Amino acid sequence: MWLSSLLHLEYTASAGVIAFLTIQDTRRETSSSALRRGQAFCIMTLLCIPIFKLLGTTPWTFGIFFAIFLLICFTLHMEDSIAVNTVLATHYMAAGGVSFSMLKNEVGLLLIGVGLGILLNCFMPDNLQKIRAKQAELDHEIQQILQRMAIHVLKTEHPNYDGSCFAKTNQLLTEMERETHIFIHNHYLENNLYFMRYLMMRREQCDILHMIYRQICKLTLIPEQAKPLSNYLQTISDQYHEKNDAVALLSELENLQEQYRHQKLPETRSQFENRAILYAILSDLRTLLQIKQTFYETLPKKGRGSSSFYKNNS
């Protein structure tokens, strides 16, 4: 408002209102909204010229303009531009129509309001710390899931093992996705989708872990091969972190499978079925680790192993 008054514009309060209405949740949304409002302003002005000139500037005339303008904005998906440009249209009406001096005045109000709105949006706090917090919480929750699996693969009864932990991971995935979308739309020049790809990788892994959980619940006896598998699950849990490329874990899995190949075959149907469950779990663990390995291999090689890469990439 102060800047508009310095430029000797009329209706200076409108510039302040436009600035506030321009600010959106993210910088990219603010810029898009500003562009739409500029386009809607051109449409509004082109409508006002013939309507106010031919029909006058009565309230009924303004009603006709507003009905047409409303229809156009909804058709072109410019709903967020209606309020701002309707206010500017009232200035034309109050001035008796569109004149060159009023056109300059309204353009000035729009540019000042929208420009300062975009500028203010640039000072919105970055949510990188929120993403990192959700990421750490998610990884910790998955570690806990793996630890519980290491325990329950040695049991045939699971009274308190109901899979409710996956509701927590789903919630964290949703929250991290929301924060990641905000982060991406707040950075114009950065085209690095690291956190979004990380999120998708962890979501795939959570789906695999849910499958393993269902397999564990099917165990009716504990074969001797369950103990090495339990130890391996604990190892994965201990090494489950962002920078692990899963190569060593996959090598250890191969060694474990090789040990199983040289062991005595099951003798009863029950032994066979439970060994088959362990084999299915091992196969799912391979997929779990391959998902992480693929993710790691597709990262830029430069700085892949440095802590600054994981700190700064987004």
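Each remark here, short or long, concerns the structure printed above.
**Student:** Teacher, can you tell me more about the layout of surface pockets here?
**Tutor:** Gaps between atoms show up when a probe of the same size as a water molecule is rolled over them. Approximately 290 Å³ is the volume found for the largest pocket. Q257, Y260, R261, R275 and Y279 are the residues nearest the centre of the largest pocket, which is lined by 13 residues in total. Counting only elements with at least two residues in the lining of the largest pocket, the list comes to α11 (247–261) and α12 (269–297). The dominant element in the lining of the largest pocket, judged by the number of residues it contributes, is α12, at 6 residues. For the lining of the largest pocket, the class distribution of residues is 8 nonpolar, 3 polar and 2 charged.

**Student:** Just to check I follow, could you spell out the pattern of salt bridges for this structure?
**Tutor:** Once their charged atoms are close, side chains differing in charge can pair, the charge on each being opposite to the other. Here the structure, examined in full by the defined rule, presents 9 salt bridges. Between D139 and R202 there is a salt bridge whose closest N-O contact spans 3.0 Å. One end of the pair, D139, is in helix α7 (residues 128–152); the other, R202, is in helix α9 (residues 194–216), and 63 residues separate them in sequence. Classification of D139 as buried rests on a relative accessible area of 9%.

**Student:** Help me understand α11 in this model?
**Tutor:** Structural remark: α-helix, 3.6 residues per turn; residues separated by three or four positions point the same way. The terminal C-alpha atoms of α11, which comprises 15 residues, lie 21 Å apart, in line with the 21 Å expected from a rise of 1.5 Å per residue. Within α11, burial applies to L249, L250, L253, L256, Q257 and Y260. Summarising the axial view, the buried residues of α11 lie within an arc of 115°, below the 170-degree limit, and thus occupy one face. The secondary structure elements touched by the buried residues of α11 are α10 (226–238) and α12.

**Student:** Hey, could you run me through a nonpolar patch on the surface in this one?
**Tutor:** On the surface, W2, L3, L6, L7, L116 and L119 cluster together to form a nonpolar patch covering roughly 610 Å² of accessible area. Among the elements of the structure, α1 (2–6) and α6 (100–121) are those that each provide at least two residues to the nonpolar patch. Ranked by residue count, the leading element in the nonpolar patch is α1, at 3 residues. Within the secondary structure, L116 sits in helix α6.

**Student:** In this structure, what is going on with the nonpolar core? I would like to understand it.
**Tutor:** Burial of nonpolar side chains together is a common tendency in soluble globular proteins. Counting residues in hydrophobic clusters, the biggest one holds 52 residues, and the most contacted among them are M149, L209, L229, I281 and L285. For this core, the secondary-structure elements that each account for two or more residues are α7, α8 (165–184), α9, α10, α11 and α12. The element that contributes the greatest number of residues to this core is α9, accounting for 12 residues. Setting aside chain neighbours within four positions, we find M149 in contact with Y161, F166, L209, I212, Y213, I216 and L233. In terms of nonpolar packing, the next biggest core, distinct from the first, is built from 26 residues, A34, F41, I82 and I112 among them.

**Student:** Explain empty space enclosed by the protein here, please?
**Tutor:** Within the structure shown, the criterion is met by 2 cavities of 30 Å³ or more. Reported here for the largest cavity is a volume of approximately 80 Å³. If you trace the largest cavity, you find it lined by R202, Q205, I236, Q239, Y240, H241, N244, A246, L249, L288, L289 and K292. Counting residues per element, the ones that place at least two in the lining of the largest cavity are α9 and α12. Considering every element that reaches the lining of the largest cavity, the biggest residue donor is α12, with 3 residues.

**Student:** What's the story with the packing of helix α2 (residues 13–22) against α6 in this structure? I'm lost.
**Tutor:** Two measures define how a pair of helices packs: the angle their axes make with one another and the distance between the axes. Between α2 and α6, whose axes approach to 7 Å, the crossing angle comes to 40°. Looking at the two axes, α2 sits oblique to α6. Remark: the crossing between α2 and α6 carries right-handed chirality. Where α2 approaches α6, its residues S14, A15, I18, A19 and T22 are matched on the opposing element by L109, L110, I112, G113, V114, G117 and I118. Within the contact of α2 with α6, the residues separate by chemical class into 8 nonpolar, 4 polar and no charged.

**Student:** How should I be thinking about α10 in this particular structure?
**Tutor:** Counted at 1.5 Å a residue, the expected span for α10 with its 13 residues is 18 Å, and the 18 Å between its end C-alpha atoms agrees. The set of residues buried in α10 consists of A226, L229, S230, Y232, L233, T235, I236 and S237. If you follow the buried residues of α10, they end up packed against α7, α11 and α12.

Reading the values: rules and limits
- Residues numbered from 1 in each chain as written.
- Predicted model: local features only at pLDDT ≥ 70, side-chain atom pairs only at ≥ 80, totals over all residues.
- Heavy atoms only, no water.
- 1 Å grid on protein atoms, 1.4 Å probe; cavity = no way out; pocket = protein on both sides within 12 Å on 5 of 7 lines; lining within 4 Å.
- Points joined across faces, edges and corners; volume = space filled by probe spheres on them.
- Helix = DSSP H or I, 4+ residues; strand = E, 2+ residues; numbered from the N terminus.
- Nonpolar A, V, L, I, M, F, W, Y, C, P; charged D, E, K, R; others polar.
- Salt bridge = Lys/Arg side-chain N within 4 Å of Asp/Glu carboxyl O.
- Buried < 20%, exposed > 50% of the residue type's maximum accessible area, 1.4 Å probe, protein only.
- Expected span 1.5 Å × (residues − 1).
- Arc of directions from axis to C-beta.
- Contact = heavy atoms within 4.5 Å.
- Patch = residues over 30% accessible without salt bridge, like charges linked within 9 Å, V, L, I, M, F, W, Y side chains within 5 Å.
- Areas by Shrake-Rupley, 256 points an atom, 1.4 Å probe, with all protein chains shown as cover.
- Core = buried A, V, L, I, M, F, W, Y, C linked by side-chain atoms within 4.5 Å.
- Axes fitted to C-alpha atoms, helices over the stretch in contact; angles between N-to-C directions.
- Parallel < 35°, antiparallel > 145°, perpendicular 65-115°, else oblique.
- Left-handed = near helix turned anticlockwise from the far one by under 90°.

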